[in-house]
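The chain contents come next:
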Amino acid sequence: MSSIQPPTLSFEVFPPQSPADRAALLTTLDQLRGCHPAFVSVTYTNHQLDYEQATLGLAQTVQARVGCPVMVHLLAAYTSKTQVSRILADLESLGVTQILGLRGDLDPGQTPGADFPHASDLIRFIKARKPQFRLAGAGYPAGHPESPTREADLAHLQEKVAAGCDRVMTQVFYDNQQFDRFRANCAARGITVPILAGILPILSRQQALRVETDFGARLPQPLRTRLDRVWDDPVAFRAVGLDYAVEQITDLVAHGVAGIHLFTLNQASTVAAIYARTAALFTK
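Residues numbered from 1 in each chain as written. Predicted model: local features only at pLDDT ≥ 70, side-chain atom pairs only at ≥ 80, totals over all residues. Heavy atoms only, no water.

**Thoughts on the nonpolar core**
Thinking step 1. In terms of nonpolar packing, the biggest core is built from 63 residues, with Val-13, Leu-29, Val-62, Ile-99, Ile-126 and Ile-260 touching the most fellow members.
Thinking step 2. Leave out the neighbours within four places in its chain, and Val-13 touches Leu-25, Leu-29, Leu-32, Val-40, Ser-41, Val-42, Thr-43, Leu-58, Val-62, Thr-264 and Asn-266.
Thinking step 3. One finds Leu-200, Ile-202, Val-211 and Leu-223 within the second-largest nonpolar core, a separate group that totals 15 residues. (Core = buried A, V, L, I, M, F, W, Y, C linked by side-chain atoms within 4.5 Å. Buried < 20%, exposed > 50% of the residue type's maximum accessible area, 1.4 Å probe, protein only. Contact = heavy atoms within 4.5 Å.)

**What to know about the packing of aromatic side chains**
Thinking step 1. Scanning the entire structure with this criterion turns up 4 aromatic pairs.
Thinking step 2. With 5.1 Å between their ring centres and 10 degrees between their planes, Phe-173 and Phe-179 make a pair best called stacked.
Thinking step 3. Assessed through its relative accessible area of 1%, Phe-173 is described here as buried.
Thinking step 4. Given the relative accessible area of 0%, Phe-179 is considered buried.
Thinking step 5. When the ring of Trp-231 is compared with that of Phe-237, the centres are 5.6 Å apart and the planes differ by 70 degrees; the resulting orientation is edge-to-face.
Thinking step 6. The cationic tip of Arg-167 hangs over the ring face of Phe-39; the distance from NZ or CZ to the ring centre is 5.1 Å. (Phe/Tyr/Trp six-rings, centres within 6.5 Å; stacked < 30°, edge-to-face > 60°. Lys NZ or Arg CZ within 6 Å of the ring centre and 35° of its normal.)

**Examining the pattern of salt bridges**
Thinking step 1. Following the criterion strictly, the structure yields 16 salt bridges and no others.
Thinking step 2. When the shortest N-O distance is used, the salt bridge between Glu-92 and Lys-130 registers 2.7 Å. Here Lys-130 lies in the loop between helix H4 (119–129) and strand S5 (134–139) and Glu-92 lies in helix H3 (residues 81–94), a separation of 38 residues in the sequence.
Thinking step 3. The salt bridge partner of Arg-183 is Asp-180, with a shortest N-O separation of 3.7 Å. Of the two residues, Arg-183 and Asp-180 are both situated in helix H6 (residues 176–188); the distance of 3 residues between them amounts to about one turn of the helix.
Thinking step 4. In this structure, a network of salt bridges that share partners links the residues Asp-30, Arg-33 and Arg-65. (Salt bridge = Lys/Arg side-chain N within 4 Å of Asp/Glu carboxyl O. Helix = DSSP H or I, 4+ residues; strand = E, 2+ residues; numbered from the N terminus.)

Below is the structure:
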């Protein structure tokens with residue numbers, strides 16, 4: 001039997017905003033249970049509820065419904081040391097010990113806090129107080145939009161790893177060669193922690209128009225061409241998006257990716273469609 005471990009498979013969900021959204025999310029969580037995820041990550045609130053009510057509440061639901069480890073997102077920019085200390089105690093009481101430390105998007109109308117100017121500051125603070133926590137940091141195959149150069153962006157990632165990250169989770173991308181270059185550049189700088197590839201299927205025209213502005217993720221021309229052919233057919237458009245995500249995942253696994261992190265958008269049908277075609281990639 002081969003000693004090579006298969007890549008991990010994990011998923012991201014976000015707190016629902018309405019009773020109907022919550023019902024849909026519970027269906028998605030039931031679907032995730034059958035996918036045997038390495039973990040499920042929960043994003044930072046839904047922008048309407050507080051962290052404890054939204055993110056931590058959903059973390060408890062995931063644990064009960066899916067029965068797998070949970071990773072919670074925690075933002076640096078508008079969080080104080082006092083708040084983080086309280087959240088860490090809450091997480092510990094829930095048995096949640098995985099955190100994705102992010103700076104978070106800056107709001108032009110709100111002044112960031114002084115305690116954690118960067119994600120690395122938050123990560124260092126958590127690691128010093130709760131060394132048993134597993135911490136992940138974000139990586140940007142296309143480069144962070146605020147970084148002046150790719151080298152500067154990699155230097156920031158290196159700082160996050162030095163501060164205590166044991167994994168990197170990437171922003172979404174649609175060009176696997178871009179991911180390969182990013183991974184090689186990380187290795188050249190001595191960043192050797194596992195890098196999990198963030199995959200977000202493009203399932204609608206609206207989403208196709210937004211990914212470049214929202215995520216800085218360039219759509220390669222072959223994908224654009226395929227989407228253009230079915231632009232006016234929502235069913236065919238969704239099928240092309242799912243096909244491309246499966247192709248991305250298959251290629252990444254063939255090239256030794258450490259893990260796939262699928263952004264579910266809380267859609268059970270998306271999870272089911274992709275897992276049915278890729279499940280064998282994640283087992284020995």
